[in-house]
Amino acid sequence: MLKKSFLLCLFVFILSIGCNKNETLYKVVGVKDGDTLVLLSPDNQSITVRLSEIDCPEKSQAFGQAAKQFTSDLCFGKMVKLIGNQHDRYGRTVGQVELENGINVNYEIVKQGYAWQYRAYSKNMELAVLEQHARESRLGLWQDANPTPPWNFRKEAKTQRVEKKVKKAKRPYKKRRSRKQRDTVAFQI
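Below, the structure is looked at part by part. What you see is a predicted model, and the numbers here were worked out from it, not measured in a lab.

**Focus on the overall build of the protein**
Tallying secondary structure elements over the protein gives 6 helices and 7 strands in all. In the protein, the succession of α and β elements from N to C terminus is α-β-β-β-β-α-β-β-α-β-α-α-α. Residue burial in the protein is summarised as follows: out of 189 residues, 35% are buried. Intrachain contacts of the protein at a sequence separation of at least 6 include 54% that bridge at least 24 residues. Just so you have it, the protein exposes about 13800 Å², and 55% of that area is on carbon and sulfur atoms.

So, in structure tokens, the structure goes:
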């Protein structure tokens, strides 16, 4: 009997601990572009977060500013949960962001047509369905007849920069007079 009471108490204790998780909330203090946020932690540390599994148009690309504005309207100044703590090669935290009311920011951006599912990093079927629905409904960037995915846009921009460097003409080489010739010319009277 004592053993059963102990196990019951232990079960209730573990259950209460599991239900009372203290989730850290962050304040969104900046939106760099459609898929990159700046969060402020409870200890006033700034964290740059790249939203995982999605890719918004670049700011200089069609619908880039609209994606940034949508993300800003959705979550700027609000308290959010950060899910995930991986880091990319730029030192940004990569993860999902969820509003206090439970809305997943990553999914909502795709759902409203302001981002692609980043298939190189995501096999999530829910995101694929949300993107397909946005395409069919011609929401956001899907209003464009043939939108360019941001990874292709970045690749083209990089290619153009490299080509520009190669095309940049070097100054023609001028043959200099040897030092000996200059010295003798300078000292002749």
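**As for the environment of Tyr121**
Note that Tyr121 resides in the loop between strand 7 (116-117) and helix 4 (125-137). The sequence separation of Tyr121 and Asp55 amounts to 66 residues, and the corresponding C-alpha distance is 10.0 Å.

**Things to note about the pattern of salt bridges**
The full count for this structure, using the stated rule, is 8 salt bridges. Linking Glu58 and Arg154 is a salt bridge whose minimum nitrogen-to-oxygen distance equals 2.5 Å. One end of the pair, Glu58, is in the loop between strand 4 (54-55) and helix 2 (64-75); the other, Arg154, is in helix 5 (residues 150-167), and 96 residues separate them in sequence. Across the salt bridge formed by Glu98 and Lys81, the nearest N and O atoms sit 2.9 Å from each other. Here the residue Glu98 occupies a position in strand 6 (residues 93-99), and Lys81 occupies one in strand 5 (residues 79-87), the gap between them amounting to 17 residues. Here Glu98 matches Lys81 in class, with each residue buried. Residues joined by salt bridges that share partners form a network here, namely Asp35, Arg50, Asp55, Glu58 and Arg154.

Here is what the cut-offs are and how they apply
Residues numbered from 1 in each chain as written. Predicted model: local features only at pLDDT ≥ 70, side-chain atom pairs only at ≥ 80, totals over all residues. Heavy atoms only, no water. Helix = DSSP H or I, 4+ residues; strand = E, 2+ residues; numbered from the N terminus. Buried < 20%, exposed > 50% of the residue type's maximum accessible area, 1.4 Å probe, protein only. Contact = heavy atoms within 4.5 Å. Areas by Shrake-Rupley, 256 points an atom, 1.4 Å probe, with all protein chains shown as cover. Salt bridge = Lys/Arg side-chain N within 4 Å of Asp/Glu carboxyl O.

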